[in-house]
Amino acid sequence: MDWPIAEVARMSGVTARTLRHYDEIGLLPPARIGAGGHRYYGEQQLLRLQQVLVLRTLGLGLPEIGRILAEQVDEVEALRGHHRRLLAERDRLDALAGTVSRTISELEQSRKDGTSMTAINRPENLFEGVQPAQYEESLRDFPEHAEAVARRVTSMTPQDVEAGQRERTARMVRLAELMAAGLPADAEAVQAETDAQYRALTELRTVSVEEYRAIGRSCVDNEQWRAAYEAIAPGLAAYQRDAIEAYAAAGLS
């Protein structure tokens, strides 16, 4: 039995565009090509897609995933290895949840006491459990940009990668502070932060107006990305989306 690309997209949550990209780079060829060029996937392809998605969740880039899948000889042993990685990721997420919980508690206490927040005085406390490679997974619906990120990461030291992640997280925190202050998404200060985000994206490759708007919508539509924003402040995902839409309309049209 095989399934058309639209059905595989529905079952897996991966867009048809991404599946076609996986085929084009040789990561996940379909079982067969039907009439009109339609792609069809069999059980083996679905198992391979599962492995791809597991490894993406663990923060691996597409080139590295391709190498891992090419080198593995036994599917059961490979899955055992993926399972071990997932358990490690669960522990990391537990640590991250604890970090966010402590940050919330300290923010609430600092507001009551009118004192400085302990976690801000020691910034490393904000990042316990944060894994830099998770940023790439948030771009899974933008394979060309994800590939550009992967290429950049390969030339960076672990310290550089971590510094980049910290800066992205710091931008999200600054945006949350502007939202908490009641500034609208098109306010000058908010748009300045959005401009910094856009310039960071375009350091890798040209990003069109429509693609940037789509990235903004993904702040809400992409479950993992939305969760990252909402962990910092409820409503931040939609606020970021609206800020990007305002920036695109005013500065990129």
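Residues numbered from 1 in each chain as written. Predicted model: local features only at pLDDT ≥ 70, side-chain atom pairs only at ≥ 80, totals over all residues. Heavy atoms only, no water.

> Break down the overall build of the chain for me, citing the residues and quoting the values.
Scanning the chain for helices and strands turns up 13 helices and three strands. The buried share of the chain, reckoned over its 253 residues, is 39%. For the chain, contacts bridging at least 24 residues in sequence account for 63% of all contacts bridging at least 6. Summed over its atoms, the accessible surface of the chain is roughly 13,700 Å², and 53% of this surface lies on carbon and sulfur atoms. (Helix = DSSP H or I, 4+ residues; strand = E, 2+ residues; numbered from the N terminus. Buried < 20%, exposed > 50% of the residue type's maximum accessible area, 1.4 Å probe, protein only. Contact = heavy atoms within 4.5 Å. Areas by Shrake-Rupley, 256 points an atom, 1.4 Å probe, with all protein chains shown as cover.)

> Quick one: what's the story with the packing of aromatic side chains, residue by residue and with numbers?
Applying the stated criterion to the full structure yields three aromatic pairs. Taken together, a centroid distance of 5.6 Å and an interplanar angle of 50° make the contact between Tyr198 and Tyr247 tilted. With Tyr198 in helix H10 (residues 188-202) and Tyr247 in helix H13 (residues 236-252), this residue pair connects regions lying 49 residues apart in the sequence. Residue classification places Tyr198 among the buried positions, given a relative accessible area of 13%. (Phe/Tyr/Trp six-rings, centres within 6.5 Å; stacked < 30°, edge-to-face > 60°.)

> Give a detailed account of the nonpolar core, specifying residues and quantitative values.
Counting residues in hydrophobic clusters, the biggest one holds 24 residues, and the most contacted among them are Val190, Tyr212, Tyr229, Leu236 and Tyr239. When contributions to this core are tallied by element, the ones reaching two or more residues are helix H9 (158-180), H10, helix H11 (209-221), helix H12 (223-232) and H13. Tallying contributions element by element places H13 first for this core, with six residues. Filtering out sequence-adjacent residues up to four positions away, Tyr229 remains in contact with Met172, Cys219, Leu236, Ala237 and Gln240. By size, the runner-up hydrophobic cluster in this structure holds 20 residues, among which are Trp3, Ala9, Val52 and Leu58. (Core = buried A, V, L, I, M, F, W, Y, C linked by side-chain atoms within 4.5 Å.)

> Tell me about the pattern of salt bridges, and please be specific about residues and values.
Summed over the entire model, instances satisfying the criterion amount to eight salt bridges. Put simply, Asp242 and Arg241 hold a salt bridge, and the shortest N to O gap is 3.1 Å. Among the residues examined, Asp242 registers a relative accessible area of 35% and is labelled partly exposed. (Salt bridge = Lys/Arg side-chain N within 4 Å of Asp/Glu carboxyl O.)

> Report on the environment of Ser208, specifying residues and quantitative values.
With respect to the helices, strands and loops of the structure, Ser208 is situated in the loop between H10 and H11. Sequence separation of Ser208 and Ala248 is 40 residues, and the distance between their C-alpha atoms is 9.5 Å.

> Kindly report on the packing of H11 against H12, identifying the contributing residues and their values.
Interhelical geometry of H11 versus H12 gives an angle of 75° and a closest axis separation of 6 Å. What the angle tells us is that H11 and H12 run roughly perpendicular. Residues Ile215, Ser218, Cys219, Val220 and Asp221 of H11 form the contact with H12, whose own contacting residues are Glu223, Trp225, Arg226 and Tyr229. Counted by class, the contact of H11 with H12 contains five nonpolar, one polar and three charged residues. (Axes fitted to C-alpha atoms, helices over the stretch in contact; angles between N-to-C directions. Parallel < 35°, antiparallel > 145°, perpendicular 65-115°, else oblique. Nonpolar A, V, L, I, M, F, W, Y, C, P; charged D, E, K, R; others polar.)

> So what's going on with the sheet that holds strand E3 (residues 39-41)? Residues and values would help.
Taking strand neighbours across the sheet as the criterion, the three strands line up as E1-E3-E2 in an open arrangement whose pairing is antiparallel. Whereas interior strands pair on both sides, the edge strands pair on one side only; in this sheet they are strand E1 (3-4) and strand E2 (32-33). Here E1 runs beside E3; their pairing, made up of two bridges, is antiparallel. Residue pairing for E3: Pro4 is matched across the bridge by Tyr40. (Pairing = 2+ DSSP bridges.)

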